Amino acid sequence: MAAHQHNPGVIVAGAGPVGLAAAVALADQGIPVTVLESEPQLQHDLRAGTFHPPTMEMLAPYGVTATMLEQGIKVPLWQVRDRKEGVIAEWDMSVMSDITPYPFRLHLEQHKLARIIVDKLATYPHAKVMFGAALSGIEQDDAGVRATVTQNGENLTLSADWLIGCDGGRSFTRKAIGTEFEGFTWPERFAVISTDYDLAQHGYAMNAYIADPTEWVAVFCVPHNGPPGLWRAVFPIANADQPDEEVLSDAETQARLRGFMPWQDRYHVPYSSIYRVHQRVAKDWRVNRVLLAGDAAHVNNPLGAFGLNGGLHDAMNLAEKLGQVWRKEADVSLLDRYVRQRRTTNIEFVQANSIRNKRMLEETDPAVRAQRFDELRAQASDPKSALPFLMQSSMIMSLRRAAEIE
């Protein structure tokens, strides 16, 4: 017979940054919270690593942003470039200094953010993280949720008032509540190749998107183990038949890097990976006492750094509303407003803009490319035009849009 533990608070499935952020925001309100992580330790995920100003504003009250700033790289300038023409537009985020206390992007590997939040959670006696605890069953009724967890070969039943699924794109929680993951998968895979070769010496901003009709590139510098950090380059892999191991071979990674940045010497490549990219949104984000956030609720391509930031915005929005419901300050219908706000803005902003960014970088029509580049140059060169563009691209406008939704 499985052991049983009752917690009159919230179970969070997934100890990625989104699940952990939800947990710390709940724990800070005095709500008991248990985070379940199927892996034996925090994952060393190397994909996301760019944080927008409003995300830092949201995490600041918990002491998380201060530590992020100590460990991360401030990026006040970012670029749109063309492989042949060079810089098309350089965006100076200081024009938002009157709007946000963080007028820059912050680069920090997402596994470092996860560690920062785990350390914060350890300061709350009513919060805990269970590693090696795989969620294997969910039952619920009007009184609460019961989660079956497999840990060390044994089954354990945890009960709580609510369960939040932050367990990634392959979410067990999403499948358990039977909702569809609507959208599509891009035909090409994405390769991420990291090198310690410093692109800044060639005029690259710490974050740059390089358009090309054959092979666009997105580059950004992350702290790694200290200055000068590592530069990550994201490439599309158009050949669907090319095996992953061939894509990631030394010959291929060297050729790809040299094609983008010619250099006679051999690039040092500490990390490389390949993954499939999806544009999907769950049909239902709440089924009674089970809710979704982050990649469990939505996934998108990385061009614009909207995915993880959007997931963290989900977590903060949901934790605030769930706190009100838990304290009986609001009816449970408030949680449906969370769904309306976050699902709507994900579709209208995150999905639409990440798709638009990808199509801009890969545009093959010379006339369309030229027109778009002219528009970007005009926007970037005029602070009055740059401000609304940056407020949109930094997700400030998407949050204002969400706040309007009742």
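Structure shown above.
Residues numbered from 1 in each chain as written. Predicted model: local features only at pLDDT ≥ 70, side-chain atom pairs only at ≥ 80, totals over all residues. Heavy atoms only, no water.

Chemist: I'd like a description of unusual backbone geometry, backed by residues and values.
Modeler: Geometrically, the link from proline 227 to proline 228 is a cis peptide bond, its omega value of 0° lying close to zero. Position of proline 228 relative to the elements: it lies in the loop between strand S16 (217-222) and strand S17 (230-237). Positive phi outside glycine occurs at lysine 328, with the angle close to 65°. Structurally, lysine 328 can be placed in the loop between helix H8 (307-326) and helix H9 (334-362). (Helix = DSSP H or I, 4+ residues; strand = E, 2+ residues; numbered from the N terminus.)

Chemist: Please set out the sheet that holds strand S20 (residues 290-292) residue by residue, giving values where relevant.
Modeler: Spatial ordering of the open sheet is given by S9-S3-S2-S13-S20-S19, a layout of six strands whose pairing is mixed. Both outer strands of the open sheet, strand S9 (127-131) and strand S19 (286-287), are each paired with one neighbouring strand and no more. The sheet contact formed by strand S3 (residues 33-37) and S9 spans five bridges and is parallel. Within the sheet, the bridge partner assigned to valine 35 lies in S9 and is valine 129. (Pairing = 2+ DSSP bridges.)

Chemist: Residues and numbers for the sheet that holds strand S18 (residues 271-282), please.
Modeler: Adjacent strands of a sheet form backbone hydrogen bonds with each other and so pair up, either parallel or antiparallel. The mixed open sheet is built from eight strands, whose spatial order is S7-S6-S15-S16-S17-S14-S18-S21. Because the sheet does not close on itself, it has two edges, and the strands there are strand S7 (86-92) and strand S21 (298-299). Here strand S6 (residues 77-82) runs beside strand S15 (residues 207-211); their pairing, made up of four bridges, is parallel. When the sheet's bridge partners are listed, glutamine 79 is paired in S15 with alanine 208. The strands that helix H7 (residues 250-260) touches are strand S14 (181-195), S15, S16 and S17; relative to S17, the one it contacts most, it runs at about 100°. Docked against the sheet, H9 engages S6, S14, S15, S18 and S21, running at close to 135° with respect to S18. (Contact = heavy atoms within 4.5 Å. Axes fitted to C-alpha atoms, helices over the stretch in contact; angles between N-to-C directions.)

Chemist: Please provide a residue-by-residue account of helix H4 (residues 110-121), values included.
Modeler: In a regular helix each residue adds 1.5 Å, so twelve residues correspond to 16 Å; H4 covers 17 Å between its end C-alpha atoms and thus fits that length. For H4, the tally of buried residues reaches nine of twelve residues, placing the bulk of the element in the interior. Every buried residue belonging to H4 is among Gln110, His111, Lys112, Leu113, Ala114, Ile116, Ile117, Val118 and Leu121, and all of these are buried. (Expected span 1.5 Å × (residues − 1). Buried < 20%, exposed > 50% of the residue type's maximum accessible area, 1.4 Å probe, protein only.)

Chemist: Give me the lowdown on the packing of H9 against helix H12 (residues 396-404), citing residues and values where you can.
Modeler: Contact geometry of H9 with H12 gives a least axis separation of 9 Å together with a crossing angle of 140°. Of the two elements, H9 crosses H12, and the hand of that crossing is right-handed. In this structure, H9 uses Arg337, Gln341, Arg342, Thr344, Thr345, Glu348 and Phe349 to contact H12, whose residues at the interface are Ser398, Leu399, Arg401, Ala402 and Ala403. Split into classes, the residues belonging to the contact of H9 with H12 amount to four nonpolar, four polar and four charged. (Left-handed = near helix turned anticlockwise from the far one by under 90°. Nonpolar A, V, L, I, M, F, W, Y, C, P; charged D, E, K, R; others polar.)

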